[in-house]
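# Descriptive analysis of the structure
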Amino acid sequence: MNARGDSQTLQKPPDRPDTETLGRFLSVEPALKTSLDARLAQTEMRLRDCVRTAPAPRITALTSHLAVTGGKRLRPLMVLLSSEFGEPGREGITRAAVVAELVHLASLYHDDVLDHATTRHGVPSANALWGEKTAVRGGNWLLARSVRLSADLGEQAVGCALRATSRLVDGQLRELLGPSPGEDPVDHYFKVAEGKTGALISMSVAIGALQAAAPQPYVEALRAYGEQLGLAFQISDDILDLTVPGDTTGKQQGKDLLGAVDSLPVLLARADTSADGAELRTLLSSGPFTGPAAHLRALELFQDSPALEQAASYMQGRLTAAKKALTCLPSLPARRILYALCDYIACRNF
Ligand code: FPP
Ligand code: MG
């Protein structure tokens with residue numbers, strides 16, 4: 001692929017937003033799945049149109065890069081599902097789904113720069129192809145596009161999208177600055193995750209319900225569900241980083257270790273005072289991994305470390321809270337899918 005992303009020489013887009021992954025969980029409600037599949041396809045078209053509205057093909061190659069190379073489209077799905085608790089045919093719901101995905105994509109461009117990630121979705125990251133400065137501008141472009149698109153949503157929905165975006169940035173800043181003096185690292189982790197992941201998933205379910213004019217108590221229940229599901233999702237990501245081979249996820253196994261990211265299992269392994277945990281503790285405290293041997297050894301030690309189980313139990317706690325939030329909602333097919341999504345997060349291995 002041309003390192004500058006010249007549209008003439010870009011390979012045919014892999015065309016693989018991974019909607020199948022989540023699609024399987026929709027199967028618990030076949031009739032709703034059929035209607036959601038159609039609405040997701042419509043969202044996908046709108047999203048692709050949107051990321052291709054840049055004024056020149058070379059810019060379009062940059063702004064459409066991550067949208068066309070992958071993604072589970074979890075956030076658009078959440079928007080569409082939550083609209084079921086109001087009037088799902090109302091105008092603006094697809095638009096809200098695109099807004100949620102655009103903010104997410106924008107954050108990934110920035111995140112890959114911060115992490116010096118060379119790949120995303122199993123293909124070169126935007127920063128690997130265009131360089132960091134251009135990738136950041138690509139992210140900014142998408143963020144600006146999301147704001148432009150959200151301008152026609154209702155006032156509450158616009159506020160909801162903007163608040164989530166600022167919480168997302170707050171979460172990232174907290175992560176970059178690290179815990180305040182005396183702050184418990186696990187408490188800090190959760191504040192970061194609430195911003196980085198909880199905010200946008202929670203916004204997605206809230207905005208879908210708002211656009212569908214769902215009753216306010218439903219909006220609040222969905223918002224609470226989204227916060228908890230987002231945290232569980234982040235913890236499951238942390239666990240998968242350590243446990244799943246890179247060829248399955250499109251990310252290198254143990255990428256968080258290489259980037260010295262204080263993921264939840266890493267924090268818990270550091271706090272493990274047992275004699276068995278000593279070697280891992282030492283490896284984790286001796287700074288970023290410089291050679292493959294220490295990295296491999298740490299990955300090996302993690303497989304038997306109680307830290308992974310403890311992280312899984314935190315995740316379960318969040319999933320239980322997410323399911324509890326759903327009890328305030330009417331027993332619709334969409335609610336059963338939202339339950340099923342909790343189970344997907346608990347058992348996903350990709
Ligand atoms: C993935 O984190 C990244 C995020 C969930 C959000 C990152 C947010 C920013 C960079 C703030 C800027 C935001 C905007 C809207 C411009 P990860 O590194 O834990 O996950 P990964 O393994 O998928 O990279
Ligand atoms: Mg990252």
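Residues numbered from 1 in each chain as written. Chains lettered and ligands numbered in written order. Predicted model: local features only at pLDDT ≥ 70, side-chain atom pairs only at ≥ 80, totals over all residues. Heavy atoms only, no water.

Labelled according to an unreviewed UniProt entry, the protein chain appears under the name Polyprenyl synthetase family protein, originating from Streptomyces halobius. According to its UniProt record, the protein chain has this under Cofactor (unreviewed entry): "Mg(2+)". Within the UniProt record for the protein chain, the comment given under Sequence similarities (unreviewed entry) is "Belongs to the FPP/GGPP synthase family." (UniProt positions renumbered as here; feature names shortened; annotations may be inferred.)

Within the protein chain, the secondary structure is distributed over 17 helices and two strands. Taking 350 residues into account, the globule formula puts the C-alpha radius of gyration at 20 Å, and the protein chain, at 20 Å, falls close to it. In terms of principal-axis extent, the alpha carbons of the protein chain reach across some 60 × 50 × 40 Å. Relative to its 350 residues, the protein chain shows a buried fraction of 51%. Pairs at least 24 apart in sequence give 75% of the contacts found in the protein chain among residues at least 6 apart. As presented, the protein chain carries roughly 15500 Å² of accessible surface, and 55% of it is formed by carbon and sulfur atoms. (Helix = DSSP H or I, 4+ residues; strand = E, 2+ residues; numbered from the N terminus. Rg over C-alpha atoms; globule rule 2.2 N^0.38 Å. Buried < 20%, exposed > 50% of the residue type's maximum accessible area, 1.4 Å probe, protein only. Contact = heavy atoms within 4.5 Å. Areas by Shrake-Rupley, 256 points an atom, 1.4 Å probe, with all protein chains shown as cover.)

Turning our attention to the packing of aromatic side chains. Enumeration according to the criterion identifies two aromatic pairs in this entry. Ring centres of Tyr 189 and Phe 190 lie 5.2 Å apart, and the angle between their planes is 85 degrees; on these two criteria the pair is classed as edge-to-face. Phe 190 shares its class with Tyr 189; the two are buried. With a centroid separation of 5.5 Å and 45 degrees between ring planes, the pair formed by Phe 190 and Tyr 314 is classed as tilted. Placement of the pair is Phe 190 in helix 9 (residues 185–211) and Tyr 314 in helix 16 (residues 306–326), with a sequence separation of 124 residues. For Arg 318, the ring lying beneath its charged end belongs to Phe 190, and the centroid distance is 4.7 Å. (Phe/Tyr/Trp six-rings, centres within 6.5 Å; stacked < 30°, edge-to-face > 60°. Lys NZ or Arg CZ within 6 Å of the ring centre and 35° of its normal.)

Attention now moves to the confidence of the model for the protein chain. Mean pLDDT over the protein chain: 90, with 92% of residues reaching 70 or higher. When the elements of the protein chain are averaged for pLDDT, helix 11 (residues 246–249) gives the smallest value, 67, and helix 6 (residues 126–130) the largest, 98. Across residues 1–15, where pLDDT falls below 50, the model places 21 contacts with residues more than four positions away in sequence or in other chains. (pLDDT = per-residue confidence, 0-100.)

Bringing the packing of helix 10 (residues 216–243) against helix 17 (residues 333–347) into the picture now. Between helix 10 and helix 17, the least distance of the axes is 10 Å, while the angle of their chain directions is 15 degrees. Taken as axis vectors, helix 10 and helix 17 run roughly parallel relative to one another. Crossing hand, helix 10 versus helix 17: left-handed. In this structure, helix 10 uses Leu 222, Tyr 225, Leu 229, Ala 232, Phe 233 and Ser 236 to contact helix 17, whose residues at the interface are Leu 338, Leu 341, Cys 342 and Ile 345. For the contact of helix 10 with helix 17, a count of residues per class yields nine nonpolar, one polar and no charged. (Axes fitted to C-alpha atoms, helices over the stretch in contact; angles between N-to-C directions. Parallel < 35°, antiparallel > 145°, perpendicular 65-115°, else oblique. Left-handed = near helix turned anticlockwise from the far one by under 90°. Nonpolar A, V, L, I, M, F, W, Y, C, P; charged D, E, K, R; others polar.)

Bringing the pattern of salt bridges into the picture now. Applying the stated criterion across every chain, the model contains 18 salt bridges. Here Arg 120 and Asp 112 are joined by a salt bridge, their closest N and O atoms 2.8 Å apart. The salt bridge partner of Asp 343 is Lys 323, with a shortest N-O separation of 2.9 Å. Taken as a pair, Asp 343 in helix 17 and Lys 323 in helix 16 lie far apart in primary sequence, 20 residues in all. Residue Asp 343 is classed as partly exposed on the basis of its relative accessible area, which comes to 39%. Judged by relative accessible area, Lys 323 falls into the partly exposed class, the value being 27%. Connected through shared salt-bridge partners, Glu 44, Arg 48, Arg 73 and Glu 101 make up one network. (Salt bridge = Lys/Arg side-chain N within 4 Å of Asp/Glu carboxyl O.)

This part covers helix 17. Here helix 17 spans 21 Å end to end across 15 residues, near enough to the 21 Å set by a 1.5 Å rise per residue. Looking at helix 17, one finds that the buried residues are Ala 334, Arg 335, Ile 337, Leu 338, Ala 340, Leu 341, Cys 342, Tyr 344 and Ile 345. (Expected span 1.5 Å × (residues − 1).)

What follows concerns the side chain of Asp 241. Here Asp 241 is to be found in helix 10. Buried charge without a partner: Asp 241 forms no salt bridge, and the closest opposite charge is Lys 255, 5.8 Å away. Here Lys 255 takes part through its backbone nitrogen, which lies 3.1 Å from a polar atom of the side chain of Asp 241. Discounting chain neighbours no more than four positions away, the residues touching Asp 241 are Gln 252, Gln 253, Gly 254, Lys 255, Asp 256 and Leu 257. (Lys, Arg positive; Asp, Glu negative; His and termini not counted. Polar contact = N/O pair within 3.5 Å; in protein donor to acceptor, adjacent residues only side chain to side chain.)

A contiguous nonpolar surface patch, about 490 Å² in accessible area, is contributed by Leu 114, Val 169, Leu 173, Leu 176 and Leu 177. No other element matches helix 8 (residues 155–177), which puts four residues into the nonpolar patch. Relative to the helices and strands, Leu 176 resides in helix 8. Given the relative accessible area of 53%, Leu 176 is considered exposed. (Patch = residues over 30% accessible without salt bridge, like charges linked within 9 Å, V, L, I, M, F, W, Y side chains within 5 Å.)

Residues Tyr 225 and Phe 302 are the most contacted members of the largest nonpolar core, which totals 101 residues. Looking at this core element by element, the count peaks at 13 residues for helix 5 (residues 93–114). Apart from the residues lying within four places of it in its own chain, the contact partners of Tyr 225 are Met 78, Val 205, Ala 322, Ala 325, Leu 326, Leu 338, Leu 341 and Cys 342. (Core = buried A, V, L, I, M, F, W, Y, C linked by side-chain atoms within 4.5 Å.)

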